[in-house]
Amino acid sequence: MAGFVGITVLILFFFTRIAVAYAMAIVGFLGYWYLTNLTAALALLSRDMFDVFSSYGLALVPLFVFMGFIAFYSGISAKLYDMAYKFMGRVRGGLAMATVAACTAFGAICGSTTATAATMGTIGLPEMRRYKYGNRLAAGCVASGGGIGALMPPSVILIIYGILTQISIGKLFMAGIVPAFLIAGLFIVAIFIYCTIYPEQGARGEEFSVMERLKALADIWETILVFMVVMGGMFFGVFTPTKAGAVGAFALLVIAVIQKKISWENFQRAVFDTLKTSCMVIMLVAGATIFGHFLALTRIPMEGANLVATLDWPSWAVIFIICFIYLVGGCFIDALALITLTIPIFYPIVSSLGYDLVWFGVIIVLITQLGIITPPVGVNVYIVKGIEPDIPLEEIFIGVIPFVIALIVGIMIMVAFPSIATFLPDLVR
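Each value, and the rule that gives it
Residues numbered from 1 in each chain as written. Predicted model: local features only at pLDDT ≥ 70, side-chain atom pairs only at ≥ 80, totals over all residues. Heavy atoms only, no water. Helix = DSSP H or I, 4+ residues; strand = E, 2+ residues; numbered from the N terminus. Buried < 20%, exposed > 50% of the residue type's maximum accessible area, 1.4 Å probe, protein only. Contact = heavy atoms within 4.5 Å. Areas by Shrake-Rupley, 256 points an atom, 1.4 Å probe, with all protein chains shown as cover. Lys, Arg positive; Asp, Glu negative; His and termini not counted. Charge placed at Lys NZ, Arg CZ, Asp CG, Glu CD. Phe/Tyr/Trp six-rings, centres within 6.5 Å; stacked < 30°, edge-to-face > 60°. Axes fitted to C-alpha atoms, helices over the stretch in contact; angles between N-to-C directions. Parallel < 35°, antiparallel > 145°, perpendicular 65-115°, else oblique. Left-handed = near helix turned anticlockwise from the far one by under 90°. Patch = residues over 30% accessible without salt bridge, like charges linked within 9 Å, V, L, I, M, F, W, Y side chains within 5 Å. Salt bridge = Lys/Arg side-chain N within 4 Å of Asp/Glu carboxyl O. Nonpolar A, V, L, I, M, F, W, Y, C, P; charged D, E, K, R; others polar.

Caption draft 1: Examining the overall build of the protein chain more closely. Counting its regular elements, the protein chain contains 22 helices and zero strands. With the C-alpha coordinates aligned to their principal axes, the bounding extent of the protein chain is approximately 70 × 50 × 45 Å. Across the 429 residues in the protein chain, those meeting the buried criterion constitute 54%. At a minimum sequence separation of 6, the contacts of the protein chain that also span at least 24 residues come to 79%. Accessible surface, the protein chain as shown: approximately 18,200 Å² in total, 72% of it carbon and sulfur. Here the protein chain contributes 22 positively and 21 negatively charged side chains, and the mean placements of these two sets differ by 5 Å.

Set out below in C-alpha cells:
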C-alpha cells in the first residue's frame, strides 16, 4: 500500500511541474522513512547520492555529451548537413531527407535527442524555408530526426538503461546502430511519400556534380574517424565504453583545436552546456535510484514479476502491455525520466519472461522516441518552436504525423525481427 501511495504522490508531483529528479528523490526518501526510520532514510539518501555522483560508469555521460557540444561549436554539424544536402538535395523533399541523414550522423557523436534537434534545426530550418519548403515538413523532419540521437550510439538513454540494468553498454551501443539506420530509412521513405501526396511541401534543390559530393563526403572525415575509433575500440575490446568516451571527446577536441575551428569562448560554452546537461542526467539517475530502493522495500517490482509469472497470458501480451504503458507515459514524461522511473518495475518482469534485455532496451527507446514528438510533452516539437517562433505549434504537430507512422512501422519490424538489434552485440568480444 505504501508503494502505491508513493507512486500516486509521484504522479501528482508531476502535475506541479517539480523536476522529475527531485520528485523521485523526495517520494523515495519520505517513503523509505515511513517504512523504516529517519536515520535509515538519511543514510540511504546520502549513500545513493554519493554512489551515483561518484560512479565510474556514469562518467560516460559528460564525456559523450561534451563530444557532441564540441562538434556543434566547432562547426562539424554544419559540414554533416552540407554533405547530406549535396547527396540528397536534388530530389523533391531532398532537403528534409538531408536533415534526417544529418541528424543520424550527428547522433553518432552526440547521443542527445534535444541537442540533435536544436543543432539541426538551427542549420536546416533556415535552408528549407529559403527553398520554400512547407512549415509542416520542415519542422516535422527536424523534430522527428532529432529522436534518432536516442538510438544512435553514443545514446545517453541507452547509457542510463545499461547502468540501471547492469547490461553491457558496449552491447547496447552495438544494438542501436542498425535500428537507427532502419528508422532513418523509414523517415526518408515517409518524406518521399509525403512529398508525392503534397508536392507543395517539398521543393527540389540544386544538382551537384560527383566531385562536389565526394568533396563534401571527404569534409566529414572527423566524424567518420571519431565514430570508427570509438565504436571500433569497443567492438574489438580495445577499451571500455567509458574510455571510449574519453578517447572520442579528446580526439574531437584536438582536431578542432588544430584546425582552429573552436574559439576559447565556444570552448567555454561547450563546457558549460556539458555540465548543465550532465548534471540534469545524473540527478535523474540519483532520484531514480532513491525511488527504486523505496520500491524494492515495498516489493512491488518482485510481486509484479510474480503476478505475471502466475498469469496465463502469453508473454507477447505482457510485452504489448508494457510497450503500451511506455507509449502513453512517453506522451507525458520525458523519455529519460520515464525510463529511469519504470525500469526498476519492468526489468524483473521482462527478465522473468525470458526476453533478450538488449532487444528490450532498443524497443523502449524506440517507443519513447514517439513521446518526444507527440503532445502534450513533445519536447523536440517545443525546441523547433523555439527556433522558429512564427511556425504555429499545431503545424509542427501535424508535420510529425508521417514520422510517427514511420516509427510505428519500425517498432513492428523490430518486434517481428529481434535479430535486427541483437546480431551485432552477439559479435562483440
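Caption draft 2: Structural detail: the packing of aromatic side chains. The tally for this structure, following the rule as stated, stands at seven aromatic pairs. Ring geometry for tyrosine 194 and tyrosine 198: centres 5.2 Å apart, planes at 55°, overall tilted. On the basis of relative accessible area, tyrosine 198 is assigned to the partly exposed category, the value being 40%. Taking the centre distance of 5.6 Å and the plane angle of 20° together, the rings of tyrosine 355 and tryptophan 359 count as stacked. Owing to a relative accessible area of 4%, tryptophan 359 belongs among the buried residues under this scheme. The rings of Phe66, Trp264 and Phe267 are connected pair by pair, giving a single aromatic cluster.

Caption draft 3: Quick peek at the packing of helix H10 (residues 169-197) against helix H18 (residues 357-371). Across the interface, H10 lies against H18 with an axial gap of 9 Å and an inter-helix angle of 45°. By the angle class used here, H10 and H18 are oblique. With respect to the hand of their crossing, H10 and H18 are arranged in right-handed fashion. In contact with Lys171, Leu172, Ala175, Gly176, Pro179 and Ile183 of H10, H18 contributes Val358, Val362, Leu366 and Gln369.

Caption draft 4: Examining a nonpolar patch on the surface more closely. Together, Trp313, Trp316, Phe320, Ile321, Phe324, Ile325, Leu327 and Val328 make up a nonpolar patch on the protein surface, roughly 830 Å² of accessible area in all. Along the chain, valine 328 turns up in helix H16 (residues 315-330). For valine 328, a relative accessible area of 36% puts it in the partly exposed group.

Caption draft 5: Structural context of the environment of cysteine 279. Of note, cysteine 279 is situated in helix H14 (residues 264-298). Cysteine 279 sits in the partly exposed class, given a relative accessible area of 43%. Along the sequence, cysteine 279 and proline 62 sit 217 residues apart, while their C-alpha atoms lie 8.5 Å from each other.

Caption draft 6: Representation of the packing of helix H12 (residues 221-235) against helix H13 (residues 241-258). The interhelical angle for the contact between H12 and H13, taken along N-to-C directions, is 160°, at an axis separation of 9 Å. Here H13 runs roughly antiparallel to H12, going by the angle between their axes. In terms of crossing hand, the pair formed by H12 and H13 is right-handed. Contact residues: Trp221, Glu222, Leu225, Val226, Val229, Val230 and Met234 in H12; Pro241, Ala244, Val247, Gly248, Ala251, Leu252 and Ile255 in H13. Residues belonging to the contact of H12 with H13 are distributed by class as follows: twelve nonpolar, one polar and one charged.

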